[in-house]
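Each chain is listed here by its residues.
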Amino acid sequence: MARIQASDSLIPRQVFEVPPAEPNNSTAETGSQGSGVKLKKQISLLDGVAIIVGVIVGSGIFVSPKGVLLYSGSIGQSLIVWVLCGVLSMVGALCYAELGTMIPKSGGDYAYIGTAFGPLPAFLYLWVALLILVPTGNAITALTFAQYLLKPFWPSCEAPIGAVQLLAAAMICVLTVINCYNVKWVTRVTDIFTGTKVLALMVIVGAGVWWLFAGKTELWEQPFAGGLYSPGYISLAFYSGLFSYSGWNYLNFVTEELKDPYRNLPKAICISLPVVTIIYMITNIAYFSVLSPDEILSSDAVAVTFGDKMLGYFAWIMPFAVACSTFGSLNGAIFASSRLFFVGARNGHLPAAISLINVNCLTPVPSLIFLGVVTVLLLFIKDMYVLINYVSYVEALFTLISVSGLLWLRYKQPKTERPIRVSLALPVIYLIVCLFLVISSCFQSPGAVGVGTLIILSGIPVYYLTIHNPVKWLADTSQAINLWCSKFFICMPNQEKFD
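An unreviewed UniProt entry annotates the protein as Amino acid permease/ SLC12A domain-containing protein originating from Drosophila ananassae. Per UniProt, the comment on the protein under Sequence similarities (unreviewed entry) is "Belongs to the amino acid-polyamine-organocation (APC) superfamily. L-type amino acid transporter (LAT) (TC 2.A.3.8) family." Checking UniProt for the protein, the heading Subcellular location (unreviewed entry) contains the comment "Cell membrane".

Undergrad: I'm lost on the overall build of the protein in this one. Help?
TA: Within the protein, the regular secondary structure consists of 17 helices and 4 strands. Buried residues in the protein amount to 56% of all 499 residues. Considering only residue pairs separated by 6 or more positions, the protein has 83% of its internal contacts joining residues 24 or more positions apart. On the protein, roughly 20700 Å² of surface is accessible, and the fraction owed to carbon and sulfur atoms is 68%.

Undergrad: What should I look at first to understand the packing of helix α3 (residues 75-102) against helix α9 (residues 261-290) in this one?
TA: Each pair of packed helices can be described by the angle between their axes along with the distance between the axes. Two numbers describe how α3 lies on α9: the axes approach to 10 Å, and their chain directions differ by 170 degrees. Classed by the angle they form, the pair α3 and α9 counts as roughly antiparallel. Partitioned by chemical class, the residues of the contact of α3 with α9 number 21 nonpolar, 7 polar and no charged.

Undergrad: Explain the packing of α3 against helix α8 (residues 231-245) to me, please; I cannot follow it from the model alone.
TA: Close contact between α3 and α8 brings their axes to 9 Å; oriented N to C, the two are set at 55 degrees. Here α8 runs oblique to α3, going by the angle between their axes. With respect to the hand of their crossing, α3 and α8 are arranged in right-handed fashion. On the side of α3, the interface is formed by Q77, V81, W82, L84, C85, G86, L88 and S89, while α8 contributes I234, A237, F238, G241, L242, S244 and Y245. By residue class, the composition of the contact of α3 with α8 is 10 nonpolar, 5 polar and no charged.

Undergrad: Explanation requested: helix α11 (residues 302-310) in the structure shown.
TA: Owing to its 3.6 residues per turn, the α-helix brings residues three or four apart onto one side. For α11, the set of buried residues is V302, A303, V304, F306, G307 and M310. With its phi angle positive at about 60 degrees, G312 sits one or two positions after the end of α11.

Undergrad: Hey, could you run me through the pattern of salt bridges in this one?
TA: Between side chains of opposite charge, pairing is possible as soon as their charged atoms come close. Applying the stated criterion across every chain, the model contains 4 salt bridges. R410 is the salt-bridge partner of E98, the closest N and O atoms lying 2.7 Å from each other. Note that E98 is positioned in helix α3 and R410 in helix α14 (residues 384-412), a separation of 312 residues in sequence. Here E295 ties to K309 by a salt bridge, and the two come within 3.5 Å at their closest N and O atoms.

How each quantity is defined
- Residues numbered from 1 in each chain as written.
- Predicted model: local features only at pLDDT ≥ 70, side-chain atom pairs only at ≥ 80, totals over all residues.
- Heavy atoms only, no water.
- UniProt positions renumbered as here; feature names shortened; annotations may be inferred.
- Helix = DSSP H or I, 4+ residues; strand = E, 2+ residues; numbered from the N terminus.
- Buried < 20%, exposed > 50% of the residue type's maximum accessible area, 1.4 Å probe, protein only.
- Contact = heavy atoms within 4.5 Å.
- Areas by Shrake-Rupley, 256 points an atom, 1.4 Å probe, with all protein chains shown as cover.
- Axes fitted to C-alpha atoms, helices over the stretch in contact; angles between N-to-C directions.
- Parallel < 35°, antiparallel > 145°, perpendicular 65-115°, else oblique.
- Nonpolar A, V, L, I, M, F, W, Y, C, P; charged D, E, K, R; others polar.
- Left-handed = near helix turned anticlockwise from the far one by under 90°.
- Salt bridge = Lys/Arg side-chain N within 4 Å of Asp/Glu carboxyl O.

Okay, structure coming up:
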């Protein structure tokens, strides 16, 4: 893959004087002679499981039940979709385990697509990840946080969209600052809010079990009544369900920091995905036991509606706990996704400024700030479910390309060492399902597909103008921005050499 290394001569050496003492607040360390920044392998198996579960179990389980039910038409079919989404995510994660141990580099899909198909497809993934996948997913989580936190103040109607957007923007800014300033704060926030997330799910499941044991099972008398079976509706139901499982590949973004990745990467996947699937199943059973389909479809905050019906005076606990859950999930997503853009900039596929690291905090401050700004701009899209369908199409497309890369590499590089080698049936099945989702969405949501495709294709001229054969004035502008960010954010480039 072609790379553009940042030149030391572009940045005044006096701007960067690495402190003699190694900071204790980062997952990175300076080189032995202050020559650069080197990521440490300190993510254990338990940490890997926590990252996957923590990122996956966020806003999705509190938002997507409505979307899955809307396009499934019945509670029975909805549960089937939830289970199949979990199985499909597990199959995809196992395919990524082979890719991640064969190509033990951070960056996930970006590294795999680049190895299999070259720099242009890899750049296009990075392009849409920066403009669509990561900020859109973060925007959805932030909007969910704001909706749940404001719901008690507007119990009988929707909260004003301006208030929701303002609170979501404030949340993004706060988490961006935390991620910029101190990595230990990031991990502590994740630990604290993971606890509230588990508490919220336990309350929902416990109330649902009590309701069923009380003999109130009338909602389960005809579980498949009203089911929708057209391919378009099925694909949209899967999109909403898969959105709730999105994040299973985030551990692949930080493979270089994972201890013994050949052993811990597949183990973390095999532990976390079944756990998440079980959590989602029992939570949805609780929802469908207490709330009728009409009640779920008329609510923009399903868990809050559940709490209002079951918890009485303590109903306020539910929106607060759900808001904490989404807060922690977004915090983890910002932390993990920053590694993707750091790797892309390190390889010369993004402006060099994005690979700069603050010399005091050892965090990629320019990358985090840029990501925060793009996420805030996306908050002005009002319909959350349009966002889900929009991001799911693009994500499914590039996941399809990554798994195609697995098959292509087996053909082109059959003798390459593969510490994990999954059955050929798994990538083939995953490829067929992703192909079905991508094709069917073209007929069901042509507008979202068209916009997503245009954004992907817009990366082609960007690649040729800025990377393959850079235009001089663009290169000069990038250099000027890099120099300004270096001085303003007190940053230095990563000087360690990477293959």
